[in-house]
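Chains, contacts and geometry: an overview
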Amino acid sequence: MNLILLGAPGAGKGTQAERISEKFGIPAISTGEILRSAIKEGTELGKRAKSYMDSGALVPDEVVIAIIKEYLSSEKCKNGYILDGFPRSIPQAQALDAMGVKLDAVLDIEVPDEKIVDRMSGRRVCPTCGSTHHIKHNPPKKAGICDKCGSELQIRKDDAPETVKNRLDTYHSITEPLKEYYSGKGILIVVEGQEKVEDTSALVNAALSRFER
Ligand code: AMP
């Protein structure tokens, strides 16, 4: 299955991507995660991406398109993949088409802006394995500690309130038109993001059941 996860920042794409990845045994590729690691490692890519990310803007299309091109041609993607956070603009979607990618579905997780703001303020991420938790909606078993690998959880820099507003504005103006792009291709599936992760997962599982083997 080749799947795209669409939705506002904080809609729960990362959490659902992890779960779908486990269930279907295919990798989840998060461009945001790749860029954050590049920043941490101080690579050229990281240096280029940092100022855009810190302000809540999108990294230039050609940068993320090059990343995705490399990943999709790797061995681990040969049985399918989940793209979490790519494409985020029409030119990025057109670049995927130009690569000859055949998508099975585009899953859009819909969450109203007010809820997004509430969620982002409570979001905690693991700097080691990239897992996401939320202090209210998906709390770790031990406060402040990643369930998966035991590292200390952190607040992402771009989850700061002023950056969240910019990210939402960017989402509505540049990313949201992708809904129409993919519904025009007949592959858009819309799921309402729920308060509880488990409830969203149940809707996602039902929506993807026809792709199970
Ligand atoms: P995310 O973790 O998906 O919320 O991404 C965090 C940040 O990384 C975004 O706010 C953008 O600055 C950047 N980013 C991630 N994916 C993309 C993309 N496909 N196109 C442009 N910028 C991206």
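Let me sum up the structure you'll find in this document. (Residues numbered from 1 in each chain as written. Predicted model: local features only at pLDDT ≥ 70, side-chain atom pairs only at ≥ 80, totals over all residues. Heavy atoms only, no water.)

This paragraph deals with helix α6 (residues 113-122). Every buried residue of α6 is listed here: I116, R119, M120 and G122. In an axial view of α6, the angular spread of the buried residues amounts to 160°, which keeps them on one side of the axis. (Buried < 20%, exposed > 50% of the residue type's maximum accessible area, 1.4 Å probe, protein only. Helix = DSSP H or I, 4+ residues; strand = E, 2+ residues; numbered from the N terminus. Arc of directions from axis to C-beta.)

Inspection of the secondary structure assignment puts S55 in helix α3 (residues 44-55). Separated by 131 residues in sequence, S55 and G186 place their C-alpha atoms 34 Å apart. Apart from residues lying up to four places away in sequence, S55 is in contact with T163 and N166. (Contact = heavy atoms within 4.5 Å.)

A word on the packing of aromatic side chains. In this description, a pair of aromatic rings is defined by centroid distance and the angle of the planes. Inspection of every chain in the model, using the stated rule, returns 1 aromatic pair. When the centroid spacing of 5.1 Å and the interplanar angle of 90° are considered together, the rings of Y181 and Y182 count as edge-to-face. Accessibility expressed as a relative area gives 0% for Y182, which makes it buried. (Phe/Tyr/Trp six-rings, centres within 6.5 Å; stacked < 30°, edge-to-face > 60°.)

As a matter of local geometry, the ligand sits amid 16 residues, with T31, A57, G85, Q92 and R167 nearest to it. In this structure, R88 approaches the ligand through a side-chain N or O atom, which is 3.0 Å from a nitrogen atom. Between the ligand and the protein, one listed contact pairs an oxygen atom with a side-chain N or O atom of R167 at 2.7 Å. Protein burial of the ligand: of its 480 Å² of free accessible surface, 96% is covered by the chains. (Near = heavy atom within 4 Å. Polar contact = N/O pair within 3.5 Å; in protein donor to acceptor, adjacent residues only side chain to side chain. Areas by Shrake-Rupley, 256 points an atom, 1.4 Å probe, with all protein chains shown as cover.)

Bringing the pattern of salt bridges into the picture now. Opposite charge on two side chains lets them pair, provided their charged atoms get close. Using the criterion set out here, one finds 20 salt bridges in the structure. One salt bridge in this structure joins R123 and D159, with 3.0 Å as the shortest N-O distance. Here R123, found in strand β5 (residues 123-125), pairs with D159, found in the loop between β6 (132-134) and α7 (161-175); they are 36 residues apart in sequence, far enough to count as distant. When sorted by exposure, R123 lands in the same class as D159, which is buried. (Salt bridge = Lys/Arg side-chain N within 4 Å of Asp/Glu carboxyl O.)

To continue, consider the sheet that holds strand β1 (residues 2-7). Here we have 5 strands laid out as an open sheet, ordered β2-β3-β1-β4-β7, and parallel in their pairing. Each of the sheet's edge strands pairs with one partner strand only, and the pair in question is β2 (28-30) and β7 (188-192). Direction aside, neighbouring strands of the sheet carry axes that sit 20° apart on average. (Pairing = 2+ DSSP bridges. Axes fitted to C-alpha atoms, helices over the stretch in contact; angles between N-to-C directions.)

What follows covers the environment of D147. Following the sequence through the fold, D147 ends up in the loop between β6 and α7. Along the backbone, D147 and C126 are 21 residues apart, and their C-alpha atoms lie at a distance of 9.3 Å. Among the polar contacts listed, one links the side chain of D147 to the backbone nitrogen of K141, at a separation of 2.8 Å.

This part is about the pairing of strand β4 (residues 105-110). In terms of residue burial, β4 counts as a mostly covered element, since 5 of its 6 residues are buried. With 5 bridges joining them, β1 and β4 adopt parallel strand pairing. Within β4, the position partnered with G7 by the bridge is I109. Bridge count between β4 and β7: 5 bridges; the pairing is parallel. Residue pairing across strands places I109 opposite V191, the latter belonging to β7.

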